[in-house]
Amino acid sequence: MEHRNRFWRLNSHPLGNDFASALSLEEGPVPRAADGQVVIAGEYLSLDAGTRMWMSARTDGYQPPLPLGSQMVGLVLGRITESRHSSFPVGKLVRAFGQWADYSCVEPVASGLMIVDDTVSDAREHLGSLGLNAWTALIGLTEVAKTRPGETVLVSAAAGSTGMLAVQIAKIMGCRVIGIAGGAAKCAFLSNELAVDEAIDYKAPNLESRLAAIPGGIEVYFDNVGGPLLDTVLPYMAHYGRVAISGLISGYSTDDPVPLKRFDQVLMRRLTISGVFTPDYVSRAEYYDRVLRRWFDQGRLRMHFDMTTGLGRMLEAYGKLFTGGNLGKVLLAIDRDA
Ligand SMILES: NC(=O)c1ccc[n+]([C@@H]2O[C@H](COP(=O)([O-])OP(=O)(O)OC[C@H]3O[C@@H](n4cnc5c(N)ncnc54)[C@H](OP(=O)(O)O)[C@@H]3O)[C@@H](O)[C@H]2O)c1
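All figures in this text were calculated on a predicted structure; none of them were measured in a lab.

**Let's talk about the overall build of the chain**
Stage number 1. On a plain count of helices and strands, the chain comes out with 10 helices and 15 strands.
Stage number 2. Computed over the C-alpha atoms, the radius of gyration of the chain is 20 Å, within 12% of the 20 Å expected from 2.2 N^0.38 for a compact globule of 338 residues.
Stage number 3. In terms of its C-alpha atoms, the chain occupies a principal-axis envelope of roughly 65 × 45 × 35 Å.
Stage number 4. Counting all 338 residues of the chain, 43% fall into the buried class.
Stage number 5. Here the analysis covers contacts within the chain between residues at least 6 apart in sequence; of these, 65% occur between residues at least 24 apart.

This is the structure:
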């Protein structure tokens, strides 16, 4: 049987969360590897909030916008089916920034291609507890926020992928951990399944009084959200507190993000606010992998997967990130040749 390759093409810059008007599912031949490249038959696609910025026209981001007409780019886990690179043989299980497609064609360095451990019983963990969101959580808490044992750490979007890993790592580090998430069900998951010390529903009317009641204030804020929530948190930071900006998801779907009104608190409380950008730390990849793997093997790090099956359902799965429809890591299982 001749294989075909379905892929999602970015046709225009999406307005808000209207992805259906901006992307289309197309079909073509399976890509062939040029010299130095490999082709991966995707098993799972990782849906990541930060990729929303690549769909926009903005040129001042940390990565240039994806040219219109391109295949949408995303992190893929799958097996190599064709290789023209001696370090990456056919059959290996790999992770790379490939395409939202049945088959991804990648160049190893540009795509961050990595052979991953085939013996991990649930391969999805290479996009979960052992994945790049775990690097972000670890880097944000340790290298950027310089978190110390015993400190009070607040994490926003705590029931999402990056947040779930940040709360668990902060607990492992011996911190008092407070998770913020939207809705009672997510807060119950954080308390009952991830053993956070406190879970705060930012959609409930008592958000500000809950923040005000945190004893000693917030020493570290691992922020995935930015915007109005960051504004609300700033006055409840402890003096000399640190804010690690992991992401600004509240502003990704708009060209006109809400400015901070309480920025004066940076001076009043002598705060440090720093951005986290995982690729800056790639030279320490082996160390992060070793640390995360140890915690994973000890059963101290886990991920809840929010699964959707079928490449045709990509936009439904992707949209969850921006409406809070997900619990944990959003993954798409690819239904090749279905
Ligand atoms: N800097 C880096 O290197 C790096 C790397 C990876 C990820 N990140 C960042 O990490 C963040 C999370 O990404 P992810 O892929 O792991 O997604 P995720 O947390 O699994 O999903 C996104 C979550 O964000 C919350 N959210 C969406 N809009 C919101 C709003 N307006 N206000 C408050 N919460 C909102 C939703 O949860 P609720 O139901 O709680 O609202 C949603 O579940 C993003 O900001 C991303 O850019 C950064």
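**Notes on the sheet that holds strand 8 (residues 152-155)**
Stage number 1. In space, the 6 strands of this open sheet follow the order 10-9-8-11-12-13, with parallel pairing throughout. Here the strands that pair on one side only, and so sit at the sheet edges, are strand 10 (198-201) and strand 13 (272-275). Between one strand axis and the next, the sheet turns by 15° as a mean value, whatever way the strands run.
Stage number 2. Examined bridge by bridge, strand 8 and strand 9 (residues 176-181) share 4 bridges and lie parallel to one another.

**Regarding the nonpolar core**
Stage number 1. Of all hydrophobic cores here, the largest spans 94 residues; its most connected members are Val155, Val167 and Leu190.
Stage number 2. At 8 residues, helix 3 (residues 132-144) tops the list of elements feeding residues into this core.
Stage number 3. Each of domain 1 (4-128 + 303-333) and domain 2 (132-279) contributes no fewer than three residues to this core.
Stage number 4. Leaving out residues up to four positions away in the same chain, valine 155 has contacts with Gly163, Ala166, Val167, Ala170, Val177, Gly179, Ile180 and Phe222.

**Let's talk about the packing of helix 3 against helix 4 (residues 161-172)**
Stage number 1. Where helix 3 contacts helix 4, the axes come no closer than 8 Å and their chain directions differ by 50°. As the angle between them shows, helix 3 and helix 4 are arranged oblique. For helix 3 against helix 4, the interelement crossing comes out right-handed. Of the residues in helix 4, those touching helix 3 at Asn133, Ala134, Thr136, Ala137, Leu138, Gly140 and Leu141 are Ser161, Thr162, Leu165, Ala166, Ile169 and Ala170.
Stage number 2. Among the residues forming the contact of helix 3 with helix 4, the class breakdown is 8 nonpolar, 5 polar and no charged.

**A look at the packing of helix 3 against helix 9 (residues 285-297)**
Stage number 1. For the pair helix 3 and helix 9, the least separation of the axes is 10 Å and the interaxial angle reads 100°. Our classification of the angle between helix 3 and helix 9 gives roughly perpendicular. In this structure, helix 3 uses Ala134, Trp135 and Leu138 to contact helix 9, whose residues at the interface are Tyr288, Val291 and Leu292.
Stage number 2. Of the residues contributing to the contact of helix 3 with helix 9, the split by class is 6 nonpolar, no polar and no charged.

**Here's the deal with the pairing of strand 10**
Each regular strand shows side chains that alternate between the opposite faces of the sheet.
Stage number 1. In the sheet, strand 9 pairs with strand 10 via 4 bridges, with the strands oriented parallel. Its bridge partner lying in strand 10, isoleucine 180 is registered against isoleucine 200.
Stage number 2. For the segment spanning strand 9, helix 5 (residues 184-193) and strand 10, crossover handedness is right-handed.

**Observations regarding the site of the ligand**
Stage number 1. Residues in contact with the ligand amount to 30 residues; listed here are only the nearest, Gly160, Gly182, Gly247, Ser250 and Gly324.
Stage number 2. Elements with a minimum of two residues in the shell around the ligand: helix 3, helix 4 and helix 10 (314-323).
Stage number 3. With 3 residues, helix 4 is the single largest residue contributor to the shell around the ligand.
Stage number 4. Considering only residue class, the shell around the ligand consists of 13 nonpolar, 15 polar and 2 charged.
Stage number 5. Inspection of the shell around the ligand shows a minimum of three residues originating in each of domain 1 (4-128 + 303-333) and domain 2 (132-279).

**As for the domain arrangement of the chain**
Stage number 1. Looking at the chain, the domain boundaries give domain 1 (4-128 + 303-333) and domain 2 (132-279).
Stage number 2. Once you take the C-alpha centre of each, domain 1 and domain 2 turn out to be 27 Å apart.
Stage number 3. Domain 1 puts 16 residues into the contact, and the matching count from domain 2 is 14 residues.
Stage number 4. Tallied by class, residues from the side of domain 1 that touches domain 2 come to 7 nonpolar, 7 polar and 2 charged.

What counts and what doesn't
Residues numbered from 1 in each chain as written. Predicted model: local features only at pLDDT ≥ 70, side-chain atom pairs only at ≥ 80, totals over all residues. Helix = DSSP H or I, 4+ residues; strand = E, 2+ residues; numbered from the N terminus. Rg over C-alpha atoms; globule rule 2.2 N^0.38 Å. Buried ≥ 20, exposed ≤ 12 C-beta atoms within 10 Å, placed from the backbone. Contact = placed C-beta atoms within 7 Å. Pairing = 2+ DSSP bridges. Axes fitted to C-alpha atoms, helices over the stretch in contact; angles between N-to-C directions. Core = buried A, V, L, I, M, F, W, Y, C linked by C-beta atoms within 7 Å. Domains from an automatic or database assignment. Parallel < 35°, antiparallel > 145°, perpendicular 65-115°, else oblique. Left-handed = near helix turned anticlockwise from the far one by under 90°. Nonpolar A, V, L, I, M, F, W, Y, C, P; charged D, E, K, R; others polar. Right-handed = clockwise from strand over helix to strand, strands pointing away. Near = placed C-beta within 6 Å.

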